[in-house]
Amino acid sequence: MDKDKIVGNLNSLFEIRKDFYNFFDTHMPKIENTDVFDFKNSKPLNAEEVYKLFNKYDYAIRKLLPSIYKAYEIDMEKDLKKDF
């Protein structure tokens with residue numbers, strides 16, 4: 001995979017990550033005068049919405065993995081535990 005494709009995939013990953021945090025910012029309060037989410041006072045999140053965002057994020061990561069494996073000569077069968 002060439003550099004332009006990898007950079008495009010990275011930018012996509014970062015955009016989806018931003019969407020994830022925007023979702024949290026919209027649906028969860030923060031502790032006063034901080035950027036820390038206030039989980040104690042948060043309302044339940046819509047599991048389907050969270051899953052859809054996670055699935056996009058996971059897909060973006062998986063698109064990058066072949067390039068990372070190749071760049072660092074990682075053999076999926078030999079080097080990775082596969083317990084994920």
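Residues numbered from 1 in each chain as written. Predicted model: local features only at pLDDT ≥ 70, side-chain atom pairs only at ≥ 80, totals over all residues. Heavy atoms only, no water.

> Hey, could you go over the overall build of the protein for me, with residue numbers and the actual values?
Helix and strand content of the protein: three helices and zero strands. Each helix (α) and strand (β) of the protein, taken in turn from the N terminus, gives the series α-α-α. By the compact-globule yardstick of 12 Å for 84 residues, the protein is too spread out, its C-alpha radius of gyration being 17 Å. If one aligns the C-alpha atoms of the protein with their principal axes, the spans along those axes are about 45 × 30 × 25 Å. Burial statistics for the protein: of 84 residues in total, 18% are counted as buried. Across the protein, the fraction of contacts at a sequence separation of at least 24, relative to all contacts at a separation of at least 6, is 45%. Approximately 7100 Å² of the protein is accessible, and the part contributed by carbon and sulfur atoms is 55%. When the 15 basic and 16 acidic side-chain charges of the protein are each reduced to a single mean position, those positions are 2 Å apart. (Helix = DSSP H or I, 4+ residues; strand = E, 2+ residues; numbered from the N terminus. Rg over C-alpha atoms; globule rule 2.2 N^0.38 Å. Buried < 20%, exposed > 50% of the residue type's maximum accessible area, 1.4 Å probe, protein only. Contact = heavy atoms within 4.5 Å. Areas by Shrake-Rupley, 256 points an atom, 1.4 Å probe, with all protein chains shown as cover. Lys, Arg positive; Asp, Glu negative; His and termini not counted. Charge placed at Lys NZ, Arg CZ, Asp CG, Glu CD.)

> Would you mind going over helix α1 (residues 3-27) in detail, with residue names and values included?
Here α1 spans 36 Å end to end across 25 residues, near enough to the 36 Å set by a 1.5 Å rise per residue. Among all positions of α1, only N9, L13, I16, F20, F23 and F24 are buried. The elements touched by buried residues of α1 are α2 (47-71). (Expected span 1.5 Å × (residues − 1).)

> Describe α2, naming the residues involved and giving the relevant values.
Three- or four-residue spacings in an α-helix give side chains the same orientation, since the helix completes a turn every 3.6 residues. Over its 25 residues, α2 extends 36 Å from the first C-alpha to the last, a length consistent with the 36 Å expected when each residue adds 1.5 Å. For α2, the principal kink sits at L65 and spans about 30°; a proline, P66, occurs within the next four residues. Residues of α2 that are buried include every one of L53, A60, L64, S67 and Y69, and no others. Sitting at the head of α2, N46 places a side-chain oxygen 2.8 Å from the backbone nitrogen of E48. E73, located one to two residues past α2, shows a positive phi value of around 50°. (Bend = angle between axes of the 7 residues up to and from the residue. Polar contact = N/O pair within 3.5 Å; in protein donor to acceptor, adjacent residues only side chain to side chain.)

> Before we move on, can you summarise the packing of α1 against α2 with the specific residues and values?
With their axes 9 Å apart at the nearest point, α1 and α2 run at an angle of 160° to one another. Considering the angle they form, α1 stands roughly antiparallel to α2. For the element pair α1 and α2, the recorded crossing hand is left-handed. Contact residues: α1 offers I6, N9, L10, L13, I16, R17, D19, F20, F23 and H27, while α2 offers E49, V50, L53, F54, K56, Y57, A60, I61, K63, L64 and S67. Residue classes in the contact of α1 with α2 are distributed as 13 nonpolar, three polar and five charged. (Axes fitted to C-alpha atoms, helices over the stretch in contact; angles between N-to-C directions. Parallel < 35°, antiparallel > 145°, perpendicular 65-115°, else oblique. Left-handed = near helix turned anticlockwise from the far one by under 90°. Nonpolar A, V, L, I, M, F, W, Y, C, P; charged D, E, K, R; others polar.)

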